[in-house]
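Structure at a glance
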Amino acid sequence: MEHYLTIEEFGKIKRAKLKVAPFSLFVGDNNSGKSYLLSLLWGIYTADETSALFSDLRGKAYDEVYEAVCNFLYHSTEGNEQEMQIPSVRFLEILNGALMQNKNRFVADIFNSAQVQIERLSVEMREEFDVSIKSWREGEQIKITYNAGKTVVVFPMVVVAANLRFAAQMLCRRIFLWFLKGRDGHLQNSNVVYLPAARTGFMLAKNVINRVGRQMAFDISEFYGMEREEKMEPFTKPIIRFLDALENLSLDHRTEYGEIAAWMEQNMAHGEIQYGSEANNEIRYVPAGSGSSLPLRTTSAVVTELTPLLLLLKYKRKINAICYEEPEMCLHPQLQQEMGRLLIRLVNSGISVVAATHSDIIIQHINNMCKISRMGNSEKLMEKLGLAQEDLIEVKDVAVYQFTDFGNHSAVAQVAPEDGQFQVGTFTDALMKILEQTSEVQDFEGE
């Protein structure tokens, strides 16, 4: 389904209409809303059935759909295969009503501040279709599919029999989440990672933050709607969950991202990151060719910037999506190109990536990989450049959004590819300006 998110009057953003791709990039001016929108997408990706978005669902449309689902589940307990169809416009009407009603509570929860508000958050789909819901009984379970059979929901028989209306509510909310997240409707909230721009600071200070109890001190979501004087500025929810993810790494299993992590250590970190029993439960760095390890605080900024992602790739059980602020942070131009290569490899491994970047090098590398993917008989070129198939990406899997700051507000526009490439105006303008300045200096020097 062709799925769009519409955002209006959110921070400095006047209006944005997004069609999120497997690899989405936010580019443009400083202080134009890129991080705001990245945090909002993180909130959407991590929303589940308990989200504030679904508080106090009501209205005629919801009542009719809800009762139809209740009736469907009731007959499913009889053991016969069941199928029902509900027009997509009904679910979309209910979802957008819920978004309008609960949008400010939702963004306040993301930013841990009731001062952050949004005028509009809505979902649009270009085509109408019937949502086909099927169910069948297997032993003491009822299995339900939707999304053309791609999504399976399992209810124990005892739950449906004892609390039919609760099961119907959960099924309705699962379908709303599919409509909200679009192609990423399968995302589980614990498998979505946010990498903030201040990665080095959080990595070096995370033990101190943990000792003072970040959840109690910095998370005000439980107090939303209650009169309470905030005595300290809280972290945003994406940062809290980033710290949680680093504390909850699974050290006793083999990760499915091991090859990417090894490539990253060899080509970017130039050494190995150790954690767990081999490092006395401390994060340590072993430079390539060295037999001794170093505590993270004594390493370069490049290592501390790359360490959070390396740890997640090496030790997190599953990653569905990454929201990445300024992946080029502290990287030399050569390493920025390698970062572009890494991001594409993450996408090709099945991880959705949304990144906010100021790097024209990353964009140009993506352009090059899009062009090569369109070429026939490119094996010799790939061999010459040292590229593998997992380094390429098709232009249809990339979406680029340009953020332009107009002072009191910013505009967001999708950059359409031209001849299989993305031309980013702010990067081109900045490069032309410095070239013109260089020319003027040389001309004056000649005079």
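Above this text sits the structure in question.
Per chain, the residues get numbers from 1 upward, laid out in the order the sequence is written. Since the coordinates come from a predicted model, pLDDT governs what is reported: local features require at least 70, and pairs of side-chain atoms require 80 or more to be given and counted, while whole-chain, interface and lining totals use all residues. Side-chain descriptors were evaluated using all non-hydrogen atoms of the structure, hydrogens and water having been removed beforehand.

Some points on the sheet that holds strand β16 (residues 410-415)
Basically, it comes down to this: Each pair of strands is called paired provided DSSP finds at least two bridges between the two strands. Secondary structure is summarised from DSSP: a helix means a run of H or I of at least four residues, a strand means a run of E of at least two, and numbering begins at the N terminus for each. As a rule, the C-alpha atoms of each element are fitted with a line to give its axis, helices using only the stretch in contact, and angles between N-to-C directions run from 0 to 180 degrees. Contacts are assigned to residue pairs that have any heavy atoms within 4.5 Å of one another.
With respect to topology, 9 strands assemble into an open sheet ordered β5-β1-β2-β16-β15-β3-β14-β13-β9, the strand pairing being mixed. Pairing within the sheet leaves two strands with one partner each, and these edge strands are β5 (118-125) and β9 (192-195). With strand direction ignored, the average angle separating the axes of adjacent strands in the sheet is 15°. In terms of strand pairing, strand β3 (residues 23-28) meets strand β14 (residues 352-357) through 5 bridges, oriented parallel. Within the sheet, the bridge partner assigned to F26 lies in β14 and is A356. Each of β1 (3-10), β2 (13-18), β3, β5, β9, β13 (321-325), β14 and β15 (398-405) is contacted by helix α1 (residues 34-46), which is oriented at about 160° to β9, the strand it contacts most.

Things to note about the packing of helix α9 (residues 258-269) against helix α11 (residues 333-348)
The test is simple: In these notes the angle categories are as follows: under 35 degrees is roughly parallel, over 145 is roughly antiparallel, 65 to 115 is roughly perpendicular, and the rest is oblique. Any residue outside Ala, Val, Leu, Ile, Met, Phe, Trp, Tyr, Cys, Pro, Asp, Glu, Lys and Arg is labelled polar, Gly included; the first ten of those are nonpolar and the last four are charged.
The N-to-C vectors of α9 and α11 enclose an angle of 175°; their axes lie 11 Å apart at closest approach. Judged by the angle between their axes, α9 and α11 are roughly antiparallel. On α11, the residues that touch I260, W263, M264, N267 and M268 of α9 are L335, E338, M339, R341, L342, R345 and L346. Within the contact of α9 with α11, the residues separate by chemical class into 8 nonpolar, 1 polar and 3 charged.

A short note on the layout of surface pockets
So the rule is basically this: A cavity, in this analysis, means grid points on a 1 Å lattice covering only the protein atoms where a 1.4 Å probe fits yet has no way out; a pocket is instead an open set bounded by protein on both sides within 12 Å along at least five of seven lines, and a residue lines either one if it has an atom within 4 Å of a point. Grid points are joined across faces, edges and corners, and a volume is the space filled by probe spheres set on the points.
Within this model, the largest pocket holds a volume of roughly 680 Å³. As for the largest pocket, its lining consists of 28 residues, of which W42, T46, N189, K237 and R241 are closest to the centre. Of all the elements, helix α8 (residues 237-247) adds the most residues to the lining of the largest pocket, at 5 residues. When its residues are assigned to classes, the lining of the largest pocket shows 11 nonpolar, 10 polar and 7 charged.

Focus on the pattern of salt bridges
Put simply, the test is: Here a salt bridge means any side-chain nitrogen of Lys or Arg lying within 4 Å of a carboxyl oxygen belonging to Asp or Glu. Exposure categories follow from relative accessible area, calculated using a 1.4 Å probe and restricted to protein chains: below 20% of the type maximum is buried, above 50% is exposed, and the middle band is partly exposed.
Counting across every chain of the model gives 26 salt bridges. Here E305 makes a salt bridge to R199, at a shortest N to O gap of 3.1 Å. Note that E305 is positioned in helix α10 (residues 301-315) and R199 in helix α6 (residues 199-211), a separation of 106 residues in sequence. Residue E305 is classed as buried on the basis of its relative accessible area of 4%. A salt bridge links D397 to K396; its shortest N-O distance comes to 3.3 Å. Overall, the relative accessible area of 59% leaves K396 in the exposed class. Within the structure, one salt-bridge network assembled from shared partners comprises E338, R341, R345, E390 and D391.

Brief notes about the sheet that holds strand β4 (residues 82-87)
The strand order across the open sheet built from 4 strands is β4-β6-β7-β8, with neighbouring strands paired in antiparallel fashion. Edge strands, defined here as strands with exactly one partner in the open sheet, are β4 and β8 (151-156). Each adjacent strand pair in this sheet contributes to an overall mean axis angle of 20°, direction not counted. Along the sheet face, helix α3 (residues 88-111) touches β4 and β6 (130-138) and points at about 65° away from the line of β4.

Points about the packing of aromatic side chains
How we decide: For Phe, Tyr and Trp, rings pair up if their centres lie within 6.5 Å, where Trp contributes its six-membered ring, and each pair is then called stacked (planes under 30 degrees apart), edge-to-face (over 60) or tilted (otherwise). Definition used: whenever NZ (Lys) or CZ (Arg) falls within 6 Å of the ring centre and also within 35 degrees of the ring normal, the charge is taken to sit over that ring.
Scanning the entire structure with this criterion turns up 16 aromatic pairs. Relative to F235, the ring of F202 has its centre 5.4 Å away and its plane inclined at 85°; by these criteria the two rings are edge-to-face. On the criterion of sequence distance, the pair formed by F202 in helix α6 and F235 in the loop between α7 (214-218) and α8 is long-range, its members being 33 residues apart. Using a relative accessible area of 19% as the deciding quantity, one classes F235 as buried. What links up through ring pairs into an aromatic cluster is the set F54, F91, F129, Y146, F176, W178 and F179. Lying across the ring of Y4, K17 places its NZ or CZ 5.1 Å from the centre.

Remarks on α9
Considered for burial, the residues of α9 that qualify are I260, A261, W263, M264, E265, M268 and A269. For α9, the secondary structure elements touched by its buried residues are β10 (271-274), β11 (284-287), α10 and α11.

Looking at the nonpolar core
Operational definition: Remark: nonpolar core denotes a set of buried residues (Ala, Val, Leu, Ile, Met, Phe, Trp, Tyr, Cys) joined through side-chain atoms within 4.5 Å.
The biggest cluster of nonpolar side chains holds 75 residues, and the ones touching the most others in it are F26, L40 and L180. Aside from chain neighbours lying at most four places away, what touches F26 is L18, K34, L37, L38, L41, V354, A355, A356, T357, Y401 and F403. In this structure, F23, L25, V27 and Y324 belong to the second largest nonpolar core, which totals 65 residues.

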